[in-house]
Amino acid sequence: MKYGFFPGCTLESAAEELMISTKKVASALGIELIELEGWTCCGASHIQDVDDFLGVAVNARNIALGEKFDAPILTVCNTCTLMLRTAKDRLDHDENLKDKVNEGLQQANLEYRGTSEVTHLLWALIRDYGLENLRKKVKRPLTGLKVANFYGCHIVRPPKIMGFENHMNPQSMEMVAEVLGAESVEFDQRLACCGFHAVFPAEKEVMGMTRINCLSPKAAGADCLVTPCPLCQMQLDMYQPDAQKGCDENITMPILHLPQLIGLALGFEPEELAINRHIMDAIPTLKKTLTFA
Amino acid sequence: MRKITFTIKRFDGNKDWLQRYDLPYENGKTLLWALTKIREEQDPTLNFTSACRHAICGSCAIRVNGNSFLTCKTALDEILDTFKTDDLKCEPLGNFDVVRDLVIDWKPKLEKMKVVKPWIIPKESGSPTTGFKQSEQEFQKIASPTDCILCGICASECTQLAMNQEGYLEPFILNRAYRFAVDSRDGAPEEHIRPVLENDLWKCVHCMQCVSQCPKDINLSAEVAYLRQETMKMGETQNLGARHAYAFHDDVKNKGRLNEMTLPMKTEGVVKTAMKRVPFALRMISKGKINPLHMPKEVEGIAGVRKIYEYAKGVDQP
Ligand code: SF4
Ligand code: SF4
Ligand code: FES
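Computed from a predicted model, the values in this text were never measured in an experiment. Once a new chain begins, its residue numbering starts again from 1 and follows that chain's sequence as written. Each chain is given a letter, starting from A, and each ligand a number, starting from 1, according to the order in which they appear as written. Local features in this predicted model are restricted to residues whose pLDDT is 70 or higher, and side-chain atom pairs enter the listing and the counts only when it is 80 or higher, whereas totals over whole chains, interfaces and linings include all residues. The side-chain numbers reported here are obtained from all heavy atoms of the structure, hydrogens and water having been left aside.

Each partner contributes to the interface: chain B provides 62 residues, whereas chain A provides 67 residues. Summed over both sides, the interface between chain B and chain A buries roughly 5,700 Å², with carbon and sulfur atoms accounting for 63% of that surface. Sorting the residues of chain B by area buried against chain A places Arg257(B), Lys289(B) and Tyr311(B) first, and these three jointly supply 13% of that buried surface. Any carboxyl oxygen of Asp or Glu within 4 Å of a side-chain nitrogen of Lys or Arg constitutes a salt bridge here. Across the contact surface, chain B and chain A share 4 salt bridges. In this structure, the salt-bridge partner of Asp49(A) is Arg228(B), at a minimum N-O distance of 2.7 Å. Secondary structure is summarised from DSSP: a helix means a run of H or I of at least four residues, a strand means a run of E of at least two, and numbering begins at the N terminus for each. If one sorts the elements of the side of chain B that touches chain A by residue count, helix H11 (residues 240-254) of chain B sits on top with 8 residues. Of the residues belonging to the side of chain B that touches chain A, the class tally is 28 nonpolar, 20 polar and 14 charged. Working rule for contacts: check all heavy atoms of both residues, and any pair within 4.5 Å makes them a contact. We define buried area as the total accessible area lost by two parts upon association, computed with a 1.4 Å probe and summed across both. Three classes are used, and their members are as follows: Ala, Val, Leu, Ile, Met, Phe, Trp, Tyr, Cys and Pro are nonpolar, Asp, Glu, Lys and Arg are charged, and the others, Gly among them, are polar.

Below you can see the structure in the form of structure tokens.
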């Protein structure tokens, strides 16, 4: 299996541990990830607020880089997936827009053809790799580990663009957790928004959301929260100490990236997956149920 | 026999409680059928509203298992299939005051809506007596936003509104502002847009709940983007939201990638960042999350990216 890999900006900076764990997991599973050469930031759901056309054009360029490989494009970020898929959806349904965008891409010697799908690792594991194949690779079943699956908005909404599963009751994260041997807990905030995209202009509200998003899985007895989106991970982990301020209740909740959870089940040590890089230390909690070298 | 359990949140004006009703399953029915059957056969005191039964009047929306639906339009089978359960929890819409049971109070919302002047402020080129000419293209701009039936579903699910009831506007109010701002007959779009800006427009968290749940498929998040673009054209570029958006826009052009070290400074300004973000930055550096010395290099093909930016400037946007 081969994909054009679109890492997205956070994997190069604040979420480098996701780059590390994604690559480890992919190679252990025999999934080939070829990083797109010259990919740019997807605009992170902000660029269209300045210039709508540009948001489409920049991502048409990103997709065109992937089309060179004749392989689907794979991301590990909800918002990158949404931005790329939104551009693709609009280009594939609007010839006029596609022509205009291609006129621009031509100046960069590129063309958007619409031949590559855009997918997310979570979907690829289910649809392309197969959960039964994943099950066979499990070396350290996560038995006894209670995980709270926090989907994040952009992997399910809007359904017209994302469409992998029912946005009101998705099950993909639970399916993967089950294969890894972990137990998924039910909690209110499973499909909530992390607020990351408005953390500057809406700081007060977003910190309030972070509090709720940590307390809800905690109340449900989760050992850790796991998310397929680095932006959710950043919001819930990096800002957790800020969200704790002014809250009497202890909100502590370790936050893992999906590939880190998978990596643990594949037999990697927490450090190999860079789990030690998180602001909220997840290792003591993991040690309670899992055995490490 | 298969039974569907409805646990309905009741409210009598003073106290609320959960009440359980069992209904024998019948296929091919709507949610509204179920509520009506409960009222007719089990409990005449149950309050809910409906009128047209054709997804036109907007009066029948409620929340079921944490999502909002028009009860007249929604098939019971679809709900049971979505949630894989025969237990349905029904509540009034979120982010509304409740009158009784599933009945919500629209009056304060309609009062609030007036702030965006949800009416045409006519251009001088037309008048109430001579009328206006509108091209098909111009009409198309308002066709979809005019489909709003004021059902309240978008407001019920809005993440920002839930955290900020006083400050933020309901997505259907944003839709009204948009609808009049883009109407070719309207001569004062700013008068619809400025109040939106002043009511925390930049606080929308992009959760996509509104656009995902609207039964009329109105692209509310695209409308938010449009309203933001227009405020920037009006010169409102120095607030946190606009500066943040520009930081992304500019980084893509400069290097192709985001510079997370300079992002807070571009958004908040150097002084505020220095005062506020130092503990945060130290926390990040100590865990190796950010490397203060890392400066993104220009991506392969950056010249092409800049050409696309240059080209985009000359493109007519709708
Ligand atoms: S996208 Fe914005 S307006 Fe829509 S529901 Fe979310 S916060 Fe509200
Ligand atoms: S915008 Fe859509 S969801 Fe919101 S009130 Fe109008 S029809 Fe209902
Ligand atoms: S009864 Fe009129 S919209 Fe449902």
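Right, let's talk about the site of ligand 2 for a bit. Around ligand 2, the surrounding shell consists of Cys148(B), Ile149(B), Leu150(B), Cys151(B), Gly152(B), Ile153(B), Cys154(B), Phe172(B), Cys214(B), Pro215(B) and Lys216(B). In terms of residue class, the shell around ligand 2 is built from 9 nonpolar, 1 polar and 1 charged. Working definition: residue near molecule or strand if any one of its non-hydrogen atoms lies within 4 Å of it.

The next thing to look at is helix H15 (residues 302-313) of chain B. For H15(B), built from 12 residues, the straight-helix expectation of 16 Å at 1.5 Å per residue is met to within 8% by its first-to-last C-alpha distance of 17 Å. Categorising residues by exposure relies on relative accessible area from a 1.4 Å probe, with only protein chains included: less than 20% of the type maximum marks a residue as buried, more than 50% marks it as exposed, and the intermediate range marks it as partly exposed. If you check which residues of H15(B) are buried, you get Ile302(B), Gly304(B), Val305(B), Ile308(B), Tyr309(B), Tyr311(B) and Ala312(B). Buried residues belonging to H15(B) abut helix H2 (47-50), helix H3 (52-67) and helix H5 (95-106) of chain A together with H11 of chain B. Helix span, expected: 1.5 Å multiplied by one less than the number of residues in the helix.

Once that is clear, we can look at the site of ligand 1. Taken together, the neighbourhood of ligand 1 is formed by Cys158(B), Gln160(B), Tyr168(B), Pro171(B), Cys204(B), Val205(B), His206(B), Cys207(B), Met208(B), Gln209(B) and Cys210(B). The residue inventory of the shell around ligand 1, partitioned by class, reads 8 nonpolar, 3 polar and no charged.

Our focus in this paragraph is the side chain of Ser68(B). Residue and element names in this part refer to chain B. Checked against the element boundaries, Ser68 lands in strand S4 (residues 67-70). Looking at Ser68, the relative accessible area reads 3%, which means it is buried. Contacts described as polar in this section are N or O atom pairs within 3.5 Å, which, within protein, must combine one atom able to donate a hydrogen with one able to accept it, while residues neighboring in sequence count only if both atoms come from side chains. A distance of 2.9 Å separates a polar atom in the side chain of Ser68 from a polar atom in the side chain of Ser156. Ignoring anything within four residues of it in the chain, the contact list for Ser68 reads Ile62, Arg63, Leu93, Ile153, Ser156, Glu157 and Gln213.

All names here are of chain A. For patch detection, residues must exceed 30% relative accessible area and be free of salt bridges, and they are connected within 9 Å for like charges or within 5 Å for nonpolar side chains (Val, Leu, Ile, Met, Phe, Trp, Tyr). Residue burial considers only the protein chains on display, and all accessible areas are found by Shrake-Rupley using a 1.4 Å probe. When charges are counted, neither His nor the chain ends are considered; positive counts come from Lys and Arg and negative counts from Asp and Glu. Each charge is placed at NZ for Lys, CZ for Arg, CG for Asp and CD for Glu. A cluster of like negative charges, contributed by Asp94, Glu95, Asp99 and Glu103, occupies part of the molecular surface. One can find Asp99 in helix H5. The exposure class assigned to Asp99 is partly exposed, which follows from its relative accessible area of 48%.

To continue, consider the confidence of the model for chain B. Across chain B, the average pLDDT comes to 93, with 99% of residues at 70 or higher. For this predicted complex, the interface confidence reaches an ipTM of 0.96, while the overall pTM sits at 0.96. The pLDDT score gives, residue by residue, the confidence of the prediction method on a 0 to 100 scale.

A cis amide bond links Arg157(A) with the next residue in sequence, Pro158(A), at an omega value of -10°. Looking at the secondary structure, you find Pro158(A) in the loop between strand S5 (146-149) and helix H8 (172-180). Even without glycine at this site, Asp200(B) takes up a positive phi of about 65°. Structurally, the position occupied by Asp200(B) is in the loop between helix H8 (189-198) and helix H9 (209-213).

Any cysteine sulfur atom paired with another within 2.5 Å is treated as part of a disulfide. All chains considered together, the criterion is met by 0 disulfides over all chains. Cysteine Cys42(A) is unpaired, with the sulfur of Cys80(A) as its nearest cysteine sulfur at 4.0 Å.

Moving on to the pairing of strand S7 (residues 224-227) of chain A. All names here are of chain A. Alternating residues of S7 divide into Cys224 and Val226 and Leu225 and Thr227, and every residue in both groups is buried. For two strands to be treated as a pair, DSSP must find at least two bridges joining them. Note: S5 against S7, 3 bridges, orientation parallel. When the sheet's bridge partners are listed, Val147 is paired in S7 with Cys224. One ladder, built from 3 bridges, connects S7 with strand S8 (residues 255-257); its direction is parallel. Counterpart to Leu225 in the pairing with S8 is Ile255.

Glancing now at the side chain of Asn78(A). Residues and elements named next belong to chain A. Take Asn78: it is sitting in helix H4 (residues 78-93). Classification of Asn78 by relative accessible area gives buried; the value is 0%. The residues touching Asn78, leaving out its near neighbours within four places in the chain, are His120, Tyr151, Gly152, Cys153, His154, Ile155, Pro228, Cys229 and Pro230.

Moving on, we get to the sheet that holds strand S1 (residues 2-5) of chain A. Residue and element names in this part refer to chain A. As summarised here, the arrangement of the 4 strands in space is S2-S1-S3-S4, forming an open sheet in which the pairing is parallel. Two strands lie at the open edges of the sheet, namely strand S2 (32-35) and strand S4 (118-120), each paired on one side alone. Ignoring strand direction, the axes of neighbouring strands in this sheet form an average angle of 40°. By the bridge criterion, 4 bridges tie S1 to S2 in an arrangement that is parallel. Counted as the bridge partner of Gly4 is Ile34 from S2. Here the axes come from fitting lines to C-alpha atoms, over the contacting stretch only for helices, and the angles between their N-to-C directions go from 0 to 180 degrees. Here helix H1 (residues 16-29) sits on the sheet and contacts S1 and S2; the angle it forms with S2, its principal contact strand, is near 140°. Across the face of the sheet, helix H6 (residues 121-129) comes into contact with S1, strand S3 (73-75) and S4 while running at roughly 95° to S4.

A few words now on the layout of surface pockets. In this analysis a 1.4 Å probe is tested at points of a 1 Å grid over the protein atoms alone, and where it fits but cannot get out there is a cavity; an open set with protein on both sides within 12 Å along at least five of seven lines is a pocket; lining residues have an atom within 4 Å of a point. Grid points are joined across faces, edges and corners, and a volume is the space filled by probe spheres set on the points. Put simply, the second largest pocket is a space of about 1,200 Å³. As for the second largest pocket, its lining consists of 38 residues, of which Phe187(A), Asp188(A), Gln189(A), Arg190(A) and Gly66(B) are closest to the centre. Only helix H9 (203-219) of chain A together with strand S5 (87-91), helix H5 (153-157), helix H6 (159-163) and H9 of chain B provide two or more residues apiece to the lining of the second largest pocket. Per element, the largest residue contribution to the lining of the second largest pocket is 4 residues, and it comes from H9(A). A per-class count over the lining of the second largest pocket returns 12 nonpolar, 17 polar and 9 charged.

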